[in-house]
Amino acid sequence: MSMEDYDFLFKIVLIGNAGVGKTCLVRRFTQGLFPPGQGATIGVDFMIKTVDINGEKVKLQIWDTAGQERFRSITQSYYRSANALILTYDITCEESFRCLPEWLREIEQYASNKVITVLVGNKIDLAEKREVSQQRAEEFSEAQNMYYLETSAKESDNVEKLFLDLACRLISEA
Ligand code: GDP
Ligand code: MG
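Note that this is a predicted model, so its numbers are computed, not measured.

Rules used throughout
Residues numbered from 1 in each chain as written. Chains lettered and ligands numbered in written order. Predicted model: local features only at pLDDT ≥ 70, side-chain atom pairs only at ≥ 80, totals over all residues. Heavy atoms only, no water. Helix = DSSP H or I, 4+ residues; strand = E, 2+ residues; numbered from the N terminus. Buried < 20%, exposed > 50% of the residue type's maximum accessible area, 1.4 Å probe, protein only. Contact = heavy atoms within 4.5 Å. Areas by Shrake-Rupley, 256 points an atom, 1.4 Å probe, with all protein chains shown as cover. Salt bridge = Lys/Arg side-chain N within 4 Å of Asp/Glu carboxyl O. Near = heavy atom within 4 Å. Polar contact = N/O pair within 3.5 Å; in protein donor to acceptor, adjacent residues only side chain to side chain. Nonpolar A, V, L, I, M, F, W, Y, C, P; charged D, E, K, R; others polar.

Trainee: If you had to explain the overall build of the protein to someone new, which residues and values would you point to?
Mentor: Looking only at helices and strands, the protein has 6 helices and 6 strands in total. Counting over 174 residues, the protein shows a buried share of 47%. Considering only contacts within the protein whose residues lie at least 6 apart along the sequence, 72% involve residues at least 24 apart. Accessible area for the protein stands at about 9,100 Å²; split by element, carbon and sulfur atoms hold 45% of it.

Trainee: Any chance you could break down the pattern of salt bridges for me, citing the residues and the numbers?
Mentor: Oppositely charged side chains can pair when the atoms bearing their charge come close. In the structure shown here, the tally under the stated rule is 7 salt bridges. We note a salt bridge from Lys-123 to Asp-90, for which the minimum N-O separation is 3.2 Å. Pair noted here: Lys-123 is in the loop between β5 (116-122) and α5 (134-143) and Asp-90 is in strand β4 (residues 84-90), with a separation of 33 residues, a long-range link. You can call Lys-123 partly exposed: its relative accessible area is 22%. The class of Asp-90 is buried, set by a relative accessible area of 6%. Across the pair Glu-102 and Arg-105 runs a salt bridge whose closest N-O atoms are separated by 2.8 Å. With Glu-102 and Arg-105 both in helix α4 (residues 100-110) and 3 residues apart, the pair spans about one turn of that helix. Residue Glu-102 is classed as partly exposed on the basis of its relative accessible area, which comes to 24%. On the basis of relative accessibility, which here comes to 49%, the residue Arg-105 falls in the partly exposed class. A network of salt bridges, in which partner residues are shared, links Glu-94, Glu-95, Arg-98 and Arg-136.

Trainee: Give me the site of ligand 1: which residues, what numbers.
Mentor: Lining the immediate environment of ligand 1, one finds 19 residues, of which Gly-19, Lys-22, Cys-24, Asp-125 and Ala-153 sit closest. Contact distances for ligand 1 include 2.8 Å between an oxygen atom and a backbone N or O atom of Gly-19. The contact in question runs from an oxygen atom of ligand 1 to an N or O atom on the side chain of Thr-23, over 2.9 Å. Relative to its unbound accessible area of 580 Å², ligand 1 is 85% covered by the protein chains. If you tally residues by element for the shell around ligand 1, the top one is helix α1 (residues 22-31), at 3 residues. Of the residues belonging to the shell around ligand 1, the class tally is 7 nonpolar, 7 polar and 5 charged.

What follows is the structure, given as structure tokens:
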């Protein structure tokens, strides 16, 4: 029997423009809450959550990029050893979508060529303020060979699915 308290350990790093909801997604998934008001910054480097995937204990080490969202300030050390990246934009903020190619260039430059990247369109509870259509995002993600999911950290929509699907894919490619 293994001495470890898990069968798999994966490092997941959230990237994307400031304000898109990265910290809220992490807190929703790891703590089951949506932080009120501003100042959602966790203040630690990463959070841990262990999930059960078909009887396997999968330990997820989830890194948030609080305050480091400007391009090229997140350096190689941050991407190094990441098994997966969650590239997040805000569906109500066109600017956060238009910055995606910049983020992809960073990924190409710094991340492992085996990294799994998921594109996430967050804040779908604000549908009336949507600036980026689902079709446009799907076309973009298909062209880049990325899996795409829309979430709401506020309403807890697809957040569990995001991390559990990612854990499944990480196991299948491990
Ligand atoms: P970060 O800079 O990417 O970490 O973004 P935060 O997690 O700090 O969120 C930025 C702002 O967006 C905060 O005011 C959050 O309350 C808000 N926010 C985050 N996720 C959602 C969401 O799913 N829906 C809505 N309506 N607001 C959200
Ligand atoms: Mg944050």
